[in-house]
Structure formats: structure tokens, C-alpha cells
Amino acid sequence: MRKRRHRSKAVFGAALAAVLLAVTGCDATGGDSPGPEGTGSKAKPSASPTPTPAWDSTPESLAAVGDSITRGFDACQVLSDCPEVSWATGVDASVDSLAVRLLGASGAASRSWNYAVTGARMADLPSQVARAVTRKPELVTVMIGANDACRATAADMTPVADFRADFADAMATLRDSLPKAQVFVASVPDLKRLWSEGRKSPMGKQVWKLGICPSMLADPDALTTAAGERRDAVQDRVEAYNDVLREVCEKDRYCRYDGDAVFDYRFGQTQLSQWDWFHPSVDGQARLAEIAYRIVSAKES
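Model, not experiment: these values are computed from the prediction.

Reading guide: rules and limits
Counting starts from 1 at the beginning of each chain's written sequence and moves along it residue by residue. The predicted origin of the model limits local features to residues at a pLDDT of at least 70 and limits the giving and counting of side-chain atom pairs to 80 or more, whereas totals for whole chains, interfaces and linings rest on all residues. By convention in this description, side-chain values take in all heavy atoms of the structure and omit both hydrogens and water. Every helix listed is a DSSP run of H or I at least four residues long, and every strand listed is a run of E at least two residues long, numbered separately from the N terminus. A simple rule labels every residue: compare its accessible area, found with a 1.4 Å probe on the protein chains alone, to the largest value its type can have, and call it buried under 20%, exposed over 50%, or partly exposed in between. The contact criterion used throughout is that any non-hydrogen atoms of two residues lie within 4.5 Å. A patch is a set of surface residues, each over 30% in relative accessible area and not in a salt bridge, joined within 9 Å for like charges and within 5 Å for the nonpolar side chains Val, Leu, Ile, Met, Phe, Trp and Tyr. Per-residue and other accessible areas were derived by the Shrake-Rupley procedure at a 1.4 Å probe size, with only the shown protein chains allowed to occlude residues. Salt bridges are defined as contacts in which a side-chain nitrogen from Lys or Arg sits within 4 Å of a carboxyl oxygen from Asp or Glu. Criterion used throughout: strands pair if DSSP finds at least two bridges between them. Expected span of a helix: the number of residues minus one, times 1.5 Å. As used in this structure description, the phrase polar contact means that two N or O atoms lie within 3.5 Å; if the pair is within protein, one of them must be able to donate a hydrogen and the other to accept it, and residues adjacent in sequence are counted only when both atoms belong to side chains.

Asker: Give a detailed account of the environment of Asp166, specifying residues and quantitative values.
Answerer: Examined against the element boundaries, Asp166 turns out to sit in helix H5 (residues 160-177). Among the residues examined, Asp166 registers a relative accessible area of 21% and is labelled partly exposed. Spatially, the C-alpha atom of Asp166 lies 6.1 Å from that of Met122, the residues being 44 residues apart in sequence. Excluding residues that lie within four positions of it along the chain, Asp166 makes contacts with Met122, Ala123 and Pro126.

The structure is reproduced here in C-alpha cells:
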């Protein structure tokens, strides 16, 4: 397995101390305030404009797009969505979702919308975004990519170039309708970490046989060279996907990538579904909400 590239964690030092996570963000944009006029025959040079942050840390509406994680899949009952505990838009008090933290309970119920679809891949994101923009949300959350790596075999994983093209297409769709909407982009979780934790559960391994992420989870107890190489290939692809999410987001002043915060989070058994030992539990959803809020609510990136 190639060594994972280490990126700078200098920003969001406070968040690092709190949750061992770091954040990267986007540039600010300057205003055009005129400087004082000179009194002589030559006007003095205009004063440097005061930068105006591009990011609004208190959006008043939110739309979520993505996959089963954002739908709360397997958090409440086996093989079922449970959007009420979604980290992004859920209303369950035990999660304290991003929408509840930003909008309050009543606001989350009336001014947040969940367009994520269980099983979705990056190719599905442009159509999800097209539906989400009709609500004119001030913030759009994106968490997608795990299903692009979770294929029948490692050879079936979405090519990185296709993943990039589809994500760029989704961002273009968003910008065509909402030029200044904030976008929070979460990294793809560490699937190898989830395999390592979930394989401790006999029940979880039985559920995995139903087809949950076979590229990573097939033959979970196999420790052969071939099995290790397969899992490493999936892990490498996840890291490449996260590079794409970061790079595309960095080109948009109103976009914040999570700096690999979700990928770096060390999900334990408490944070994993008691039914499939792979998707986030209610507690795991709460941890995702906490990560997202720390990044979205920060006034500077």
C-alpha cells in the first residue's frame, strides 16, 4: 500500500485539540472600498480594501446530498434508512445534527432538506444537486464517494478521472443556479478502518455477506497477501477520491473541504451500526454532525 500523503493541519488548531481533526478551506475575497482622496494636485493611492470573508458561518437553510450515510442507513433498524438521525438534516435530539445546530429544531424541520440516496455514487450527484438547488439553500452539504469504492470487486471501482468529472459537473450545476451558496464537502471515510473494527462482530460479518462493500469486506477474516492487496487498492482509491474532493473544492471560494476530518476519524464499535458494523450508528452520526459543525461554523478557514 502506498503511504498516505500527510497534509498540513495548521488551520483549525482549536478543532484539532478538541476532536483530533483538521480543516482546510478556501480563500477570502476583497471588497472595493475607495480610499481617501488627496488634497493636492495628485490624489493619494487608494487604501487597500478590507478583505470580506466569502464564507457565511450562519446560513439560514440547508440541503444535503450524498449517499446512505447521510440517509442514516442502518442507524435505527437493519437495512433501512433513518433520515431522522442524519448527521446533516436529522431532527433527533440525540444526534444534534448540523441543521439543528445551525437553524434550531424548528428551522431544521422547515428549512433543511435531505436529497441523499442510499447506494448513490458520484455519477448520481449532479442530479441530486439539480433537485436540491430548487430549494435555494444557503448551504449544501456533500458526503459521497464510499459507494464508488464499494463495488463488487476492486476492478469495478469508479475511475478517478470519472469521479473528478462528475464532481466538477455537480459543482457547475450548483453554481449555475446558486452562485454564492456555501458548500461543505466531507471526505470519504476510512473504509479499511471500518473493516478492521467491523470484523470483530460475527453478526456484522454475516450482514456483510448480503453485499455491503464487497471490494473491502469480502472474506473479512482472510489475511492472505491477495486479500491485503485488494483492501489496499480500495484504500488507495479512497485517498485518491479525497484528493479530488479537496482539489475541486479549493477552486471554489464558497466551498470548504473537511481536510480529511471524516477519513481521519477513528470510528470505534460505539460509532458503528449494531446491525452491519459498517455504517454509522446514531452515535456515529452525532460525531459526524460535530465534525461538520466545527468546520461550517468557523468564521475563517
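Asker: So, a nonpolar patch on the surface: which residues are in play, and what are the values?
Answerer: A cluster of nonpolar side chains, Val78, Leu79 and Leu210, forms an exposed patch at the surface whose accessible area comes to about 280 Å². Relative to the assigned elements, Leu79 resides in the loop between strand S3 (62-66) and helix H2 (98-111).

Asker: How would you explain the pairing of strand S5 (residues 139-143) if you had to name every residue and give the values?
Answerer: Counting buried positions along S5 yields five of five residues, so the element is predominantly enclosed. Burial along S5 is two-sided: Leu139, Thr141 and Met143 facing one way and Val140 and Val142 facing the other are all buried. Here S3 pairs with S5 via five bridges, running parallel. Bridge pairing in S5 places Ala63 opposite Val140. Of the pairings in the sheet, the one linking S5 to strand S6 (residues 182-185) comprises four bridges and is parallel in character. When the bridges of S6 are listed, Leu139 appears paired with Gln182.

Asker: Just give me the short version of helix H11 (residues 282-296), but keep the residues and values in it.
Answerer: Between its first and last C-alpha, H11 extends 21 Å over 15 residues, near the 21 Å set by a 1.5 Å rise per residue. Those residues of H11 that fall on the buried side of the exposure criterion are Gly284, Gln285, Ala286, Leu288, Ala289, Ile291, Ala292, Ile295 and Val296. Looking at the buried positions of H11, the neighbouring elements they touch are H2, S5, S6, strand S7 (255-257) and helix H10 (261-264). For H11, the side-chain oxygen to backbone nitrogen distance between the N-cap and Asp283 is 3.3 Å, and the N-cap itself is Ser281.

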